[in-house]
Structures are given as C-alpha cells and as structure tokens.
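One-letter residues, chain by chain:
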Amino acid sequence: MQKSAIYLILLLLLASCGGAKSYRSAEGCVWNTTYHITYRADRDLRDSVTAVFRQVERSLSPFAEGSLISRINAGEDVAADSLIRRVFIASREVNRRSHGMFDPTVAPLINLWGFGYRQTGIEPTREAIDSMLAMVGIDSCRLDAGSRIVRKHPATEFNFSAITKGYGCDLVGEMLKRNGATDFMVEIGGEIVVAGRSPRGTDWRIMVDAPVDCDTAVVHEALTVISVTGCGIATSGNYRNYRETPDGKVWHTVSPVTGRPAVTDMLSGTVIAENAAVADAYATACMALDSRDAISMIESLDGVEALLVTRDTVLVSSGFPPLE
C-alpha cells in the first residue's frame, strides 16, 4: 500500500513537470512569405499553426483556384464562410472610415497593373481603367441573409490580400489562446499580433523597419523599436513591391479612386490597432493617401495609431508608443 502511494505521487510529479509551460517557437514559409511565432505553452502547437494556415488559404486565397473566394469571384452561388464574413465586414468598416481608400474590390485593377492573382493581358489604358472602376465599391456590396455576397456588379471581384496576413496572425493568436497559450508573438510577412509577456517577462519589443529600396532582396533595417502587447501591428510600404514600366516605376498600391497606382509622398506606414487585420487594412489605406491625409485619418480613429515615413520626415500619431 505504501509503495503504491509513493508510486502514484511520483507519477503526479512527473506529469506536473511534463506539462509545465515553456516558450516555444515555430517558423517557416507560407503564402510566399515567412512566419515566426514565439509562444508559451505546455505542448508543441506547430501542427495547429499549420492547420490555421490551411484554413485561411482554402477560404481567402485568390491565388488558389479552388478556394472559396476564388469560387465566389468566378460567380458560383456559394455562401461565405466565417472567415470571409469577418474580413468582409471589417473591410467595409475600414472602407467607410478611410473614405473609400481601402477597398478589396479593386482586385481587377490590381490584376490589370500586374500585381494581382491573374494576368489580364490588357494594357492599362484609360478606357480599361474606367471599365474596371465601374466594378469597384465594397460599400455597394453586402451579405444577404444566407451569407452570400451580393456584388455591386456581376464582374466585381474580391482580393482580401491586404487584410488576410493580419487576419491570419489573429487566427493563429486565437488558436493559441484556445490552447492555453496567452503569451505569444505571431509574425507573418511583417504583420504581427502580440499578447501577454515576452520571454524576458516584459512587453514585446518590435522592430519597425526603415523603408530601404532594394529590388533584389528583402532588406531589414531598423528605424526604431517599440514595446507593446495586446495588439496587432502591420507595416505597408511601396518601396518593396513595384514594377518597372516604360513610363518608370509603378507601385502595388492601386487607388480605388483613380484606378492607377497611388502616387503620394508615403514610403511606409506602420499601424497599431486592436488586432492585426484592422492594422493591416489601415496600413494599406495610408499608402493610398498623402501623409497629411493619412495622419489625419489615423487621428480620427479610436484605438488606432500610426508611424508614417515619407521622403522627408516621420509622422507619429499622438498615441503611438514611445520610440527607442
């Protein structure tokens, strides 16, 4: 009896030690970019991370022919799932608050300029641009009672890529929390969500990239470091994604107003919001605006802050964390 009791106590102690939380990491490539995740948990959750990535791709990737959003773009009579509904609703809200400067229905124009999921083979003439602008306007689209998207125009398409990486970070964070991991940093292609404490026992220290023009590789050069937790962070910049044309460089941010690549004084915008999806969307909206209009937009929003880099200066909203 005494030996059995001692044996049971030893088993309980071993189980307790085996289940202790520790900081773990996961990294790799997804969606043509890299990801880095640090989290404190009592077990390895890398398989669950991969499962979230697959769920996002099956739902929201316009580059995957069989994804749900590709089927909707092709005109199939299918209902939006919970992922599409969430980004659709968030996109409409950011569209409204940015006065139309964030709009996932600009997808045909992004394709026209060679930055999207399909090459059109059409020259971006004034006539072609005007024709496609008639399809743009997520404010004229809605979800019906059956969760089907009612489009502005039969040819309206959706490319949620400018919110999907941030949303993917949020979904991984939600999965980690469901599994008892409340301290984490999830980064996918520069979009980030953080919660709890870092391995140092402090807020998470996040490097904000300086805009470095380099067309042969991704260059990371620190502009500043901020300490944050419980938020999403996203950086958008035209300096890394552009094409050379006979008329010079054109950048990947296409204005929903003009139908052309946006020409502003902005080089990059780093946005902090309650989650990474919202931060991602507003960072994109900032890149379609001049810096003064962008900072004015940010200052009008509750719970959203930004650091904007132009060719001449750095603009910081009033509530942005201190720069180190």
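Up top is the structure these notes are about.
Described in the following lines is the structure provided in the data block. (Residues numbered from 1 in each chain as written. Predicted model: local features only at pLDDT ≥ 70, side-chain atom pairs only at ≥ 80, totals over all residues. Heavy atoms only, no water.)

## A closer look at the packing of aromatic side chains
Part 1 of the argument: By the definition in use, this model includes four aromatic pairs.
Part 2 of the argument: With a centroid separation of 4.8 Å and an interplanar angle of 65 degrees, the aromatic rings of Tyr35 and Phe53 are classed as edge-to-face. Residue Tyr35 is located in strand 2 (residues 33-41), and its partner Phe53 is located in helix 2 (residues 46-60); the two are separated by 18 residues in the primary sequence. There is no split in this pair, since Tyr35 and Phe53 are both buried.
Part 3 of the argument: Seen in terms of ring centroids, Phe88 and Phe158 are 6.3 Å apart; in terms of plane orientation they differ by 65 degrees. Their pairing is edge-to-face. With Phe88 in helix 4 (residues 82-97) and Phe158 in the loop between strand 4 (149-150) and helix 7 (161-178), the pair connects residues that are 70 residues apart, well separated along the chain. The pair Phe88 / Phe158 is uniform in exposure class, with both members buried.
Part 4 of the argument: Put simply, the rings of Trp31, Tyr35 and Phe53 pair up and form one aromatic cluster. (Phe/Tyr/Trp six-rings, centres within 6.5 Å; stacked < 30°, edge-to-face > 60°. Helix = DSSP H or I, 4+ residues; strand = E, 2+ residues; numbered from the N terminus. Buried < 20%, exposed > 50% of the residue type's maximum accessible area, 1.4 Å probe, protein only.)

## Examining unusual backbone geometry
Part 1 of the argument: For His99, which is not a glycine, the phi torsion comes out positive at approximately 55 degrees.
Part 2 of the argument: Along the chain, the position of His99 falls in the loop between helix 4 and helix 5 (107-112).
Part 3 of the argument: With relative accessibility at 71%, the residue His99 sits in the exposed group.
Part 4 of the argument: A positive phi is found at Ser147, a non-glycine position, where the angle reads about 65 degrees.
Part 5 of the argument: Within the secondary structure layout, Ser147 lies in the loop between strand 3 (142-143) and strand 4.

## Points about the nonpolar core
Part 1 of the argument: Ile37, Phe160, Val172, Leu176 and Val186 are the most contacted members of the largest nonpolar core, which has 67 residues in total.
Part 2 of the argument: The element that contributes the greatest number of residues to this core is helix 8 (residues 276-287), accounting for 10 residues.
Part 3 of the argument: Apart from residues no more than four positions distant in its own chain, Val172 is found in contact with Ile37, Val49, Val52, Phe53 and Val186.
Part 4 of the argument: Residues Ile192, Trp204, Val208 and Val309 belong to the second largest nonpolar core, which totals 14 residues. (Core = buried A, V, L, I, M, F, W, Y, C linked by side-chain atoms within 4.5 Å. Contact = heavy atoms within 4.5 Å.)

## So, the packing of helix 4 against helix 7
Part 1 of the argument: Here helix 4 crosses helix 7 at 125 degrees, and the two axes come no closer than 11 Å. One way to sum up the angle between helix 4 and helix 7 is to call them oblique. Crossing hand, helix 4 versus helix 7: right-handed. Contact residues: Ser82, Leu83, Arg86, Val87, Ala90 and Ser91 in helix 4; Ile163, Tyr167, Leu171 and Glu174 in helix 7. (Axes fitted to C-alpha atoms, helices over the stretch in contact; angles between N-to-C directions. Parallel < 35°, antiparallel > 145°, perpendicular 65-115°, else oblique. Left-handed = near helix turned anticlockwise from the far one by under 90°.)

## Topic: a nonpolar patch on the surface
Part 1 of the argument: Residues Leu223, Val314, Val316 and Leu323 make up a contiguous nonpolar surface patch of roughly 290 Å² in combined accessible area.
Part 2 of the argument: Mapped onto the secondary structure, Val316 falls in strand 14 (residues 314-316).
Part 3 of the argument: Look at Val316 and you get partly exposed, because its relative accessible area is 35%. (Patch = residues over 30% accessible without salt bridge, like charges linked within 9 Å, V, L, I, M, F, W, Y side chains within 5 Å. Areas by Shrake-Rupley, 256 points an atom, 1.4 Å probe, with all protein chains shown as cover. Salt bridge = Lys/Arg side-chain N within 4 Å of Asp/Glu carboxyl O.)

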